Amino acid sequence: MTNVETYKKVRPLCFRDGLSLRVKIKVTGVVQGVGFRPFIYRIAVRNGLTGYVRNRGDAGVEILIEGNEQSIHSFLRDLKEKKPPLAQIHDIITTTLTGKNQEMKFTIYKSSEKAELSGSVIPPDIAICDECLTELRDPKDPRYEYFFITCTNCGPRFTTIERLPYDRENTTMREFPMCGYCQREYSNPRNRRFHAQTVACPKCGPKAYLATRNGEQVRHEDPVREAGRLLSEGAILAIKGYGGFHVAASVTKEKPLLTLRKAKHRRAKPFAIMARSVAAAKSFAEVTSKEEALLTSYARPIVLLSKNDVYSLSPLVAPGLHNVGVMLPYTGLHYMLFDRVDDSAFVMTSANPPNQPIVKDNGEALETLGGTVDYFLFHNRKIAYRCDDSVLRVHVTRPSFIRRSRGYAPAPIMLKEKARRCVIGLGGELNNTACILFENKAFISQHIGDVENVETRAFLLEATNHLIRLTNSRVDTVACDLHPKFTTTALAQELAEANSWQLIQVQHHHAHVAALMVEHAVDEIVGITCDGYGYGTDSKAWGGEILFCTREFAEFKRLAHIEKQPLLGGDVATRYPLRIAAGILSKKENMEPWLLRHSGHLPYGETEAKLILNQLQKGVGITETTSCGRVLDAVAAVLGVCYERTYEGEPAMKLESAAIKGKDALSMKPLISGNVLDTTQMFHAIFENIRKASTADLAYSAHAYLARGLASLAVKKAVEAGVKTVGFSGGAACNQILAGIMRRKVEAAGLKFLVHAAVPAGDGGVSFGQAVLGGFFRF
Ligand SMILES: [Zn+2]
Ligand SMILES: [Zn+2]
């Protein structure tokens with residue numbers, strides 16, 4: 001992650017030798033909720049300075065110091081060099097004041113509501129730190145076995161802060177007045193919990209309790225460990241965490257997993273799991289050192305790990321995939337769940353009803369999850385803002401975001417240059433986020449989800465407004481997708497009108513490529529962008545595009561694309577990829593006998609197969625797409641890897657899993673006519689070799705063909721245009737096989753190959769792409 005920090009002085013300090021000075025300092029960045037004021041207090045006292053420090057309403061910190069020149073210099077050096085680990089300093093603005101010294105000592109003052117600077121922000125939620133974990137296990141510590149133990153260096157932040165400045169009364173902790181013990185630690189400058197707003201203990205802090213599915217409290221002196229025991233025995237529990245509820249279950253028992261799949265309407269979508277430790281994760285998955293570093297980082301994301309040879313978790317956890325999403329405990333409560341059981345892991349999946357945001361309130365949980373779970377493990381602290389877990393995957397040694405949320409949001413992505421406008425990007429429709437671009441910082445919201453109904457639309461709006469307030473941004477432009485029917489497009493139009501903001505509509509794949517360019521600070525690029533669907537400038541469905549983009553213009557050039565293929569029945573074909581396969585096959589041969597033979601994989605069997613054949617003959621109900629995802633879906637269907645898409649990306653993900661141990665058995669030469677990569681011939685070659693080669697080899701061959709074809713087209717176009725960089729973005733860029741082959745091909749041609757590092761490659765990065773297009777490209 002980029003972590004560029006700039007220091008600027010508005011006015012140079014003019015020190016008068018030997019005389020005492022007064023200097024006002026404003027610090028912006030991630031400086032509230034990270035132990036910054038206690039740190040300032042300590043370095044001021046150490047340097048013998050008097051004055052004060054206080055939080056401001058704009059998420060910045062204001063400092064006044066009085067003392068001699070040398071001490072002030074030493075203070076400023078400490079400020080830059082010794083800052084707390086979680087703090088990010090963006091700017092330090094110093095002003096020398098006139099007048100006499102007034103402060104007798106150094107004090108942490110009550111926060112000021114003043115908000116004039118923009119671009120600071122509160123930190124993300126932070127996993128329990130080692131010191132708190134040690135105390136949790138220490139029978140002599142007053143917070144022994146306290147599930148909600150936190151300190152200045154750890155605990156919830158983003159999800160507990162309702163408004164700025166970051167003081168206890170502005171968080172959902174205000175309902176828990178500190179006891180004498182906590183208060184003493186809170187007021188002691190030498191204590192780790194000095195001014196820690198989430199400090200609490202068993203006496204004064206939030207309480208955890210078990211309840212039945214109907215909400216009746218189950219009395220138990222040790223509800224957290226009891227919850228762990230119930231899970232181990234096969235019960236399903238909803239567990240309240242920092243940013244929402246998880247639904248938890250055993251990873252080895254079939255019954256709860258089957259119940260969960262049925263109730264969650266998730267027939268095959270993989271469940272994330274929480275392993276008790278790295279060692280436990282290694283008992284069922286491969287864990288590289290890079291993956292281990294991510295798993296144990298304070299963000300504690302879900303990391304997609306390859307299942308190992310002795311993988312013995314239930315096949316219902318991540319059906320048909322070669323990998324499984326694993327995270328480690330990140331709160332005291334999570335650690336305690338594993339205390340009295342032998343389980344290596346529990347399913348720990350976000351509790352969200354279909355197409356709705358993650359559940360956060362106790363009442364909401366009872367209402368929406370009561371029918372699914374056996375018990376609730378509640379606590380009585382409110383969640384201010386929802387935040388799902390983040391998901392990452394490591395490509396060789398490069399981590400890439402599938403979802404950037406808890407542990408990362410709302411920390412900014414630092415850019416090399418300042419944007420010309422303050423833009424908010426509202427994203428697309430699926431896997432959505434919002435993004436505020438302010439100067440050289442991009443604040444991407446937590447994961448919002450699929451914005452298709454009133455609940456997710458409301459969540460998007462709430463998250464957007466919260467982000468604007470937190471960053472004190474003066475937005476002047478709103479950016480959205482080009483699709484005329486997206487909920488986010490309508491919302492952008494409303495916001496533009498209501499606030500007199502400029503409205504910018506950005507083509508989906510252009511947003512992907514722009515995101516890549518600005519993330520890596522390149523001015524021009526030939527971008528390969530592949531995914532399932534994006535609305536094209538010709539109103540057609542795109543998804544396998546090669547675009548030339550330059551910051552000189554806000555327009556792009558579509559240089560090449562994948563061959564158009566028919567979708568028999570439009571969106572229905574997306575759900576049942578056998579229809580796409582039938583469409584491609586029909587271009588070259590009579591596929592009637594084949595389709596009838598496989599009609600058992602269509603929901604209405606032979607009747608449906610006959611309808612499809614009829615449709616083909618008459619040419620009705622057929623749309624076309626250049627989507628790379630749809631071609632992979634069709635290959636998945638023809639190879640029998642996946643016949644129905646029950647979750648976003650399922651057939652293509654399963655095809656990658658099928659290919660992971662395969663080789664390029666067919667070595668097909670990419671067939672390029674003009675600016676179009678042919679996929680019909682490739683598809684037929686796969687079809688003809690079904691009995692001759694293994695599924696793994698054919699799945700790999702399809703990947704290899706597409707990756708080599710797209711890469712050679714991109715290289716050719718880049719060389720023709722004198723462009724030195726080729727990039728790969730879009731949801732398919734999460735595919736390791738595609739990205740790996742493309743990289744080798746592009747680098748072999750002497751060009752630079754870029755993929756995303758700080759921004760999700762998939763649709764979670766679209767809001768960032770839209771925002772940077774509005775802020776950096778010439779209109
Ligand atoms: Zn801690
Ligand atoms: Zn207490």
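Bear in mind that the values here come from a model prediction, so they are computed numbers and not experimental data.

(A) Spatial organisation of the coordination of the zinc ion (ligand 1). On the protein side, the zinc ion (ligand 1) has C129 (SG), C132 (SG), C151 (SG) and C154 (SG) as donor atoms, found 2.3 Å from it. In this structure, the zinc ion (ligand 1) is surrounded by 4 donor atoms whose angles at the metal cover 104 to 118°, and the resulting shape is tetrahedral. For the zinc ion (ligand 1), all donor residues lie on one chain, and their spacing in sequence is C-x2-C-x18-C-x2-C. C129 gets classed as buried once you look at its relative accessible area, which sits at 14%.

(B) The nonpolar core, seen in detail. Of all hydrophobic cores here, the largest spans 102 residues; its most connected members are I25, F36, I40, I63, F75, L79 and L337. In terms of nonpolar packing, the next biggest core, distinct from the first, is built from 77 residues, C530, I546, L632 and F753 among them.

(C) Geometry of the pattern of salt bridges. Summed over all chains, the structure comprises 47 salt bridges. The closest approach of N and O atoms between E226 and R229, which form a salt bridge, is 2.8 Å. Taken together, the residues E226 and R229, both in helix α5 (residues 223-233) and 3 residues apart, mark about one turn of the helix. With a shortest N-O distance of 3.2 Å, E364 and R386 are connected by a salt bridge. In this pair, E364 is assigned in helix α10 (residues 362-369) and R386 in the loop between β14 (375-379) and β15 (391-395), connecting sequence segments 22 residues apart.

(D) Local environment of unusual backbone geometry. At the junction of L164 and P165, the peptide bond is cis and its omega measures out at -10° in the coordinates. Inspection of the secondary structure puts P165 in the loop between α3 (130-136) and α4 (180-187). Residues A409 and P410 are joined by a peptide bond in cis, for which omega reads 5°. Inspection of the secondary structure puts P410 in the loop between β16 (398-403) and β17 (413-414). Of note, A521 is a non-glycine position whose phi angle comes to about 50°, a positive value. Along the chain, the position of A521 falls in the loop between α13 (508-519) and β23 (524-535). Its relative accessible area of 33% is what places A521 among the partly exposed residues.

(E) Molecular detail of the coordination of the zinc ion (ligand 2). Every protein donor of the zinc ion (ligand 2) is accounted for by C179 (SG), C182 (SG), C201 (SG) and C204 (SG), and the metal-donor separations fall at 2.2 to 2.3 Å. Angles of 102 to 116° at the metal separate the 4 donor atoms of the zinc ion (ligand 2), which places the site in the tetrahedral class. Here the donor residues of the zinc ion (ligand 2) are spaced in sequence according to C-x2-C-x18-C-x2-C.

(F) Representation of the side chain of T679. Along the polypeptide, T679 turns up in the loop between β29 (676-677) and α20 (680-688). Taking relative accessible area as the criterion, T679 reaches 0% and is therefore assigned buried. Among residues more than four places away in sequence, those in contact with T679 are I562, E563, Q565, V631 and L706.

(G) Representation of helix α23 (residues 766-776) within the structure. Burial of α23 is extensive: 11 of the 11 residues sit out of reach of the surface. Of the residues making up α23, those classed as buried are V766, S767, F768, G769, Q770, A771, V772, L773, G774, G775 and F776. Packed against the buried residues of α23 are β18 (423-425), β19 (435-438), β20 (441-444), β21 (477-481), β22 (502-506) and α13.

(H) A look at the environment of P357. Mapped onto the elements of the fold, P357 is located in the loop between β13 (345-350) and α10. It is 9.5 Å that separates the C-alpha atoms of P357 and G244, two residues lying 113 residues apart in sequence. Look past the residues within four positions of P357 in its chain and what remains in contact with it is A351, N352, R386, E455, T456 and F459.

Cut-offs applied
Residues numbered from 1 in each chain as written. Chains lettered and ligands numbered in written order. Predicted model: local features only at pLDDT ≥ 70, side-chain atom pairs only at ≥ 80, totals over all residues. Heavy atoms only, no water. Donors = N, O, S within 2.8 Å, 3.2 Å for Na, K, Ca; no water. Tetrahedral: all angles 85-135°; square planar, octahedral: opposite > 155°, others 65-115°. Buried < 20%, exposed > 50% of the residue type's maximum accessible area, 1.4 Å probe, protein only. Core = buried A, V, L, I, M, F, W, Y, C linked by side-chain atoms within 4.5 Å. Salt bridge = Lys/Arg side-chain N within 4 Å of Asp/Glu carboxyl O. Helix = DSSP H or I, 4+ residues; strand = E, 2+ residues; numbered from the N terminus. Contact = heavy atoms within 4.5 Å.

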